[in-house]
Amino acid sequence: GEARTWKVRFSLDVEPMGRIDAQLALTGERARVSLWAERPESMARLRGGEEMLNAALREAALEPEVAFHAAAAPPLAAPAAPGRFLDQAT
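Residues numbered from 1 in each chain as written. Predicted model: local features only at pLDDT ≥ 70, side-chain atom pairs only at ≥ 80, totals over all residues. Heavy atoms only, no water.

(A) Summary view of the overall build of the protein. The secondary structure content of the protein amounts to two helices and four strands. Going residue by residue from the N terminus, the α and β elements of the protein occur as β-β-β-α-α-β. Considering the protein as a whole, with its 90 residues, one finds that 23% of them fall into the buried category. Sequence-distant contacts, at least 24 apart, represent 45% of the contacts inside the protein between residues at least 6 apart. When the accessible surface of the protein is totalled, it reaches about 6,700 Å², and 56% of it is carbon and sulfur. (Helix = DSSP H or I, 4+ residues; strand = E, 2+ residues; numbered from the N terminus. Buried < 20%, exposed > 50% of the residue type's maximum accessible area, 1.4 Å probe, protein only. Contact = heavy atoms within 4.5 Å. Areas by Shrake-Rupley, 256 points an atom, 1.4 Å probe, with all protein chains shown as cover.)

Printed below as a string of structure tokens:
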């Protein structure tokens, strides 16, 4: 059958970086990472670590696919309640 996709999305909002949103999706051996930052300086720092992130994912036997977005993350369709996990088949 088809491989299941597992996703996690979280946000950090600490100075001097400001709000950073991340979404990680794992399907089989493919790891997709999406990062959003509204501040140009924060985006530059995230992009500066791209090679290290790709290398770490490859070392974990995963095929990396990393995307950077210089904007706010899109809203979730139906967010889970704080402190709860949502297990949803895709």
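There's more to say after this.
(B) Layout of helix 1 (residues 40-48). When we look at burial in helix 1, the residues that qualify are S42, M43 and L46. Along the long axis of helix 1, the arc covered by the buried residues comes to 100°, so they all point the same way. For helix 1, the exposed residues lying more than 90 degrees away from the buried face are P40, E41, A44, R45 and G48. Residues of helix 1 that are buried in the fold lie against strand 2 (18-27), strand 3 (30-37), helix 2 (50-59) and strand 4 (63-69). (Arc of directions from axis to C-beta.)

(C) Quick look at the side chain of N54. Summarising the element assignment, N54 is placed in helix 2. Every residue in contact with N54, bar those within four places of it in the chain, is listed here: P64 and V66.

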